[in-house]
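Single-letter residue listing:
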Amino acid sequence: MSSANEMKLEFDSRSCNEGFARVAVAAFMTQMNPTLEEVADVKTALSEAVTNSIVHGYEGEVQKIIVECRIEGKELRVTVIDKGCGIEDVAQAMEPMFTTKPDAERSGMGFVFMEAFMDEVRVESVPGKGTCVFMRKKVGQPADEFNQ
Amino acid sequence: MEKCVEVSGTTLVIKVPRELDHHSAEYLRGEADRILGEKSIRSIVFDFEKTSFMDSSGIGLIMGRYKNIRFTGGKVTAIRANEQIRRILTLSGMHKVIEIYEGEPEVLERGQRR
(Lines give C-alpha, C1' and ligand atoms only; values in the text may rest on other atoms or scores of the structure.)
Protein backbone atom coordinates (compact mmCIF):
# COMPACT_ATOMS: atom_id res chain seq x y z
CA MET A 1 0.00 0.00 0.00
CA SER A 2 1.36 3.36 -0.93
CA SER A 3 1.65 5.83 1.90
CA ALA A 4 2.30 8.75 -0.42
CA ASN A 5 0.60 12.01 0.44
CA GLU A 6 0.52 15.07 -1.77
CA MET A 7 -0.52 18.70 -1.68
CA LYS A 8 -0.36 21.60 -4.07
CA LEU A 9 -0.40 25.35 -3.51
CA GLU A 10 -0.90 28.04 -6.08
CA PHE A 11 -0.46 31.67 -5.09
CA ASP A 12 0.40 35.11 -6.45
CA SER A 13 4.07 36.01 -6.73
CA ARG A 14 3.82 38.70 -4.06
CA SER A 15 6.53 38.88 -1.41
CA CYS A 16 3.91 38.78 1.37
CA ASN A 17 3.12 35.18 0.27
CA GLU A 18 6.65 33.96 1.02
CA GLY A 19 5.79 33.51 4.69
CA PHE A 20 2.52 31.81 3.80
CA ALA A 21 4.26 29.26 1.58
CA ARG A 22 6.81 28.48 4.30
CA VAL A 23 4.17 27.95 6.96
CA ALA A 24 1.99 25.81 4.67
CA VAL A 25 4.86 23.48 3.76
CA ALA A 26 6.07 23.34 7.37
CA ALA A 27 2.54 22.38 8.49
CA PHE A 28 2.26 19.71 5.79
CA MET A 29 5.54 18.08 6.82
CA THR A 30 4.65 17.83 10.53
CA GLN A 31 3.08 14.40 9.84
CA MET A 32 6.62 13.18 9.14
CA ASN A 33 7.54 13.93 12.76
CA PRO A 34 10.46 16.14 11.73
CA THR A 35 13.04 17.68 14.04
CA LEU A 36 12.95 21.46 14.46
CA GLU A 37 16.13 21.64 12.44
CA GLU A 38 14.61 19.71 9.56
CA VAL A 39 11.61 22.06 9.50
CA ALA A 40 13.95 25.07 9.53
CA ASP A 41 15.99 23.55 6.68
CA VAL A 42 12.94 22.99 4.48
CA LYS A 43 11.50 26.44 5.26
CA THR A 44 14.77 28.11 4.28
CA ALA A 45 15.17 26.11 1.06
CA LEU A 46 11.55 26.74 0.07
CA SER A 47 11.86 30.43 0.86
CA GLU A 48 14.89 30.68 -1.44
CA ALA A 49 13.09 28.98 -4.33
CA VAL A 50 9.91 31.06 -3.96
CA THR A 51 11.90 34.30 -3.62
CA ASN A 52 13.81 33.40 -6.79
CA SER A 53 10.52 33.00 -8.67
CA ILE A 54 9.27 36.38 -7.41
CA VAL A 55 12.48 38.37 -7.87
CA HIS A 56 14.02 36.71 -10.92
CA GLY A 57 11.38 34.53 -12.60
CA TYR A 58 8.64 37.14 -12.71
CA GLU A 59 10.87 40.16 -11.99
CA GLY A 60 8.30 41.64 -9.64
CA GLU A 61 5.33 41.10 -11.97
CA VAL A 62 2.38 39.39 -10.24
CA GLN A 63 1.85 35.93 -11.70
CA LYS A 64 1.29 32.46 -10.25
CA ILE A 65 3.75 30.31 -8.34
CA ILE A 66 2.99 26.62 -7.77
CA VAL A 67 4.44 24.64 -4.86
CA GLU A 68 3.91 20.89 -4.88
CA CYS A 69 4.82 18.66 -1.97
CA ARG A 70 4.87 14.90 -1.81
CA ILE A 71 5.62 12.71 1.16
CA GLU A 72 6.71 9.23 0.28
CA GLY A 73 7.83 7.17 3.23
CA LYS A 74 10.46 9.28 4.94
CA GLU A 75 11.17 11.43 1.96
CA LEU A 76 9.79 14.90 1.37
CA ARG A 77 9.78 16.22 -2.18
CA VAL A 78 9.15 19.88 -2.82
CA THR A 79 8.75 21.35 -6.31
CA VAL A 80 8.55 25.08 -6.96
CA ILE A 81 7.29 26.05 -10.41
CA ASP A 82 7.02 29.41 -12.13
CA LYS A 83 6.20 30.37 -15.70
CA GLY A 84 8.60 33.29 -15.65
CA CYS A 85 11.60 34.30 -17.72
CA GLY A 86 13.64 31.14 -17.04
CA ILE A 87 17.38 30.82 -16.46
CA GLU A 88 19.83 30.98 -19.38
CA ASP A 89 22.70 29.25 -17.60
CA VAL A 90 21.56 27.10 -14.67
CA ALA A 91 25.08 26.01 -13.66
CA GLN A 92 26.19 29.63 -13.42
CA ALA A 93 23.04 30.64 -11.51
CA MET A 94 23.83 27.96 -8.93
CA GLU A 95 27.37 29.20 -8.28
CA PRO A 96 27.89 30.73 -4.82
CA MET A 97 27.70 34.55 -4.84
CA PHE A 98 26.51 34.67 -8.44
CA THR A 99 23.64 37.08 -8.90
CA THR A 100 22.14 38.99 -11.78
CA LYS A 101 20.77 41.55 -9.34
CA PRO A 102 23.58 42.89 -7.10
CA ASP A 103 21.85 46.29 -7.02
CA ALA A 104 18.78 44.73 -5.43
CA GLU A 105 21.09 43.29 -2.75
CA ARG A 106 20.55 39.73 -3.78
CA SER A 107 23.32 37.82 -2.04
CA GLY A 108 23.75 35.07 -4.63
CA MET A 109 23.35 32.51 -1.84
CA GLY A 110 19.88 31.19 -2.69
CA PHE A 111 20.87 27.96 -4.45
CA VAL A 112 23.74 27.48 -1.99
CA PHE A 113 21.25 27.42 0.87
CA MET A 114 18.88 25.10 -1.03
CA GLU A 115 21.72 22.66 -1.66
CA ALA A 116 22.99 22.95 1.92
CA PHE A 117 19.62 22.29 3.53
CA MET A 118 18.15 19.66 1.19
CA ASP A 119 19.57 16.28 0.13
CA GLU A 120 19.15 17.01 -3.57
CA VAL A 121 18.29 20.06 -5.68
CA ARG A 122 17.60 19.86 -9.41
CA VAL A 123 16.73 22.78 -11.63
CA GLU A 124 15.00 22.61 -14.98
CA SER A 125 14.57 25.85 -16.81
CA VAL A 126 13.61 27.00 -20.28
CA PRO A 127 14.37 30.64 -21.09
CA GLY A 128 11.12 32.46 -21.77
CA LYS A 129 9.01 29.56 -20.44
CA GLY A 130 9.77 29.16 -16.76
CA THR A 131 11.67 27.33 -14.08
CA CYS A 132 11.09 24.22 -12.01
CA VAL A 133 13.11 23.55 -8.86
CA PHE A 134 12.90 19.99 -7.46
CA MET A 135 14.14 19.35 -3.95
CA ARG A 136 14.30 16.17 -1.90
CA LYS A 137 15.04 15.53 1.74
CA LYS A 138 14.85 12.57 4.12
CA VAL A 139 12.88 13.70 7.14
CA GLY A 140 11.82 12.29 10.48
CA GLN A 141 12.93 10.10 13.31
CA PRO A 142 13.78 6.44 12.65
CA ALA A 143 11.09 5.35 15.17
CA ASP A 144 8.41 7.00 13.09
CA GLU A 145 8.43 4.44 10.31
CA PHE A 146 4.82 3.30 10.69
CA ASN A 147 3.24 6.64 11.39
CA GLN A 148 0.59 7.29 8.74
CA MET B 1 4.45 48.17 12.07
CA GLU B 2 6.45 48.25 15.28
CA LYS B 3 9.41 50.59 15.30
CA CYS B 4 12.29 48.53 13.99
CA VAL B 5 15.17 51.01 13.91
CA GLU B 6 16.66 52.99 16.77
CA VAL B 7 19.57 55.37 16.98
CA SER B 8 21.71 55.59 20.09
CA GLY B 9 24.62 58.02 19.70
CA THR B 10 26.36 56.93 16.52
CA THR B 11 24.94 53.42 16.64
CA LEU B 12 22.00 52.28 14.55
CA VAL B 13 20.15 49.36 16.09
CA ILE B 14 18.00 47.34 13.71
CA LYS B 15 15.44 45.24 15.55
CA VAL B 16 15.03 42.36 13.18
CA PRO B 17 11.43 41.08 12.95
CA ARG B 18 10.32 37.50 13.65
CA GLU B 19 11.02 36.47 10.06
CA LEU B 20 13.70 38.11 7.94
CA ASP B 21 12.95 37.23 4.34
CA HIS B 22 12.76 39.09 1.02
CA HIS B 23 9.48 40.71 2.12
CA SER B 24 10.69 42.17 5.42
CA ALA B 25 14.23 42.86 4.14
CA GLU B 26 12.91 45.35 1.56
CA TYR B 27 11.15 47.31 4.29
CA LEU B 28 14.10 47.26 6.71
CA ARG B 29 16.48 48.31 3.97
CA GLY B 30 14.42 51.47 3.34
CA GLU B 31 14.20 52.32 7.04
CA ALA B 32 17.91 51.71 7.67
CA ASP B 33 19.08 53.67 4.64
CA ARG B 34 16.89 56.62 5.52
CA ILE B 35 18.71 56.92 8.86
CA LEU B 36 22.13 56.20 7.38
CA GLY B 37 21.51 59.09 5.00
CA GLU B 38 20.37 61.51 7.71
CA LYS B 39 22.69 60.76 10.60
CA SER B 40 26.33 60.09 11.20
CA ILE B 41 26.37 56.39 12.03
CA ARG B 42 29.55 54.56 13.05
CA SER B 43 28.17 51.14 13.81
CA ILE B 44 25.15 49.03 12.98
CA VAL B 45 23.74 46.42 15.35
CA PHE B 46 21.32 43.78 14.08
CA ASP B 47 19.33 42.59 17.08
CA PHE B 48 17.89 39.12 16.42
CA GLU B 49 16.12 38.78 19.77
CA LYS B 50 12.73 38.13 18.19
CA THR B 51 13.96 36.39 15.05
CA SER B 52 13.37 32.72 14.36
CA PHE B 53 13.75 32.70 10.58
CA MET B 54 16.22 34.21 8.13
CA ASP B 55 17.11 33.34 4.53
CA SER B 56 19.56 34.70 1.96
CA SER B 57 17.55 37.94 1.60
CA GLY B 58 18.64 38.69 5.19
CA ILE B 59 22.23 38.08 4.18
CA GLY B 60 21.75 40.56 1.33
CA LEU B 61 20.44 43.15 3.78
CA ILE B 62 23.34 42.73 6.23
CA MET B 63 25.92 42.59 3.44
CA GLY B 64 24.52 45.75 1.86
CA ARG B 65 24.67 47.71 5.15
CA TYR B 66 28.17 46.34 5.79
CA LYS B 67 29.35 47.63 2.41
CA ASN B 68 27.85 51.06 3.13
CA ILE B 69 29.48 51.53 6.50
CA ARG B 70 32.80 49.81 5.81
CA PHE B 71 34.13 52.78 3.83
CA THR B 72 33.91 55.04 6.86
CA GLY B 73 35.55 52.45 9.10
CA GLY B 74 32.29 51.49 10.75
CA LYS B 75 31.40 48.05 11.96
CA VAL B 76 28.44 45.70 11.93
CA THR B 77 27.44 43.44 14.81
CA ALA B 78 24.77 40.76 15.15
CA ILE B 79 23.46 40.16 18.66
CA ARG B 80 21.09 37.69 20.31
CA ALA B 81 21.31 35.41 17.29
CA ASN B 82 19.91 31.93 17.93
CA GLU B 83 21.43 28.75 16.54
CA GLN B 84 19.42 28.87 13.32
CA ILE B 85 20.43 32.47 12.61
CA ARG B 86 24.08 31.78 13.44
CA ARG B 87 24.00 28.80 11.08
CA ILE B 88 22.83 30.99 8.18
CA LEU B 89 25.39 33.69 9.01
CA THR B 90 28.19 31.13 9.13
CA LEU B 91 27.15 29.28 5.99
CA SER B 92 27.11 32.53 4.03
CA GLY B 93 30.56 33.58 5.30
CA MET B 94 29.18 36.68 7.05
CA HIS B 95 30.93 35.61 10.28
CA LYS B 96 34.21 36.62 8.65
CA VAL B 97 33.22 40.27 8.31
CA ILE B 98 30.82 40.95 11.17
CA GLU B 99 30.86 40.14 14.89
CA ILE B 100 28.22 37.66 15.97
CA TYR B 101 27.04 37.23 19.56
CA GLU B 102 24.68 34.66 20.97
CA GLY B 103 23.77 37.08 23.76
CA GLU B 104 24.14 40.79 24.23
CA PRO B 105 27.75 41.94 24.73
CA GLU B 106 28.36 44.22 27.71
CA VAL B 107 29.79 47.07 25.67
CA LEU B 108 26.56 47.35 23.77
CA GLU B 109 24.39 46.97 26.87
CA ARG B 110 25.86 50.02 28.56
CA GLY B 111 25.59 52.22 25.52
CA GLN B 112 22.13 51.24 24.40
CA ARG B 113 19.94 50.09 27.18
CA ARG B 114 17.33 52.59 28.29
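In the annotation of an unreviewed UniProt entry, the entry for chain B reads STAS domain-containing protein, and the organism field reads Hominisplanchenecus murintestinalis.

Going by an unreviewed UniProt entry, chain A carries the name Anti-sigma F factor and comes from Hominisplanchenecus murintestinalis.

Undergrad: Explanation requested: the packing of aromatic side chains in the structure shown.
TA: Two descriptors summarise a pair of aromatic rings, namely the distance from one centre to the other and the angle between the planes of the rings. Residues and elements named next belong to chain A. In the structure shown here, the tally under the stated rule is two aromatic pairs over all chains. Relative to Phe20, the ring of Phe11 lies with its centre 6.0 Å away and its plane at 85°, an arrangement referred to as edge-to-face. With centroids separated by 5.9 Å and ring planes inclined at 55°, the aromatic side chains of Phe113 and Phe117 adopt a geometry described as tilted. Of this pair, Phe113 and Phe117 both sit in helix H4 (residues 110–117), separated by four residues, roughly a single helical turn. In this structure Phe113 comes out as buried when scored by relative accessible area, which is 0%. Here Arg122 stacks its cationic end above the ring of Phe134, 4.7 Å away from the centre of that ring.

Undergrad: Would you mind going over the pattern of salt bridges with me for this structure?
TA: Where charged atoms from two side chains of opposite charge approach closely, those side chains can pair. Scanning the model with the defined rule gives 27 salt bridges over all chains in all. For the salt bridge of A:Arg136 with A:Glu120, the shortest nitrogen-to-oxygen distance reads 2.6 Å. Here A:Arg136, found in strand E5 (residues 130–138), pairs with A:Glu120, found in strand E4 (residues 120–126); they are 16 residues apart in sequence, far enough to count as distant. The salt bridge involving B:Lys75 is made with B:Glu99; its shortest N-O contact spans 3.6 Å. Here B:Glu99 lies in strand E7 (residues 99–100) and B:Lys75 lies in strand E6 (residues 75–79), a separation of 24 residues in the sequence. On the basis of relative accessible area, B:Lys75 is assigned to the partly exposed category, the value being 42%. A single network of salt bridges, built from pairs that share partners, joins A:Glu75, A:Arg77, A:Glu120, A:Arg122, A:Glu124, A:Arg136 and A:Lys138.

Quick notes on the rules
Residues numbered from 1 in each chain as written. Chains lettered and ligands numbered in written order. Predicted model: local features only at pLDDT ≥ 70, side-chain atom pairs only at ≥ 80, totals over all residues. Heavy atoms only, no water. Phe/Tyr/Trp six-rings, centres within 6.5 Å; stacked < 30°, edge-to-face > 60°. Helix = DSSP H or I, 4+ residues; strand = E, 2+ residues; numbered from the N terminus. Buried < 20%, exposed > 50% of the residue type's maximum accessible area, 1.4 Å probe, protein only. Lys NZ or Arg CZ within 6 Å of the ring centre and 35° of its normal. Salt bridge = Lys/Arg side-chain N within 4 Å of Asp/Glu carboxyl O.

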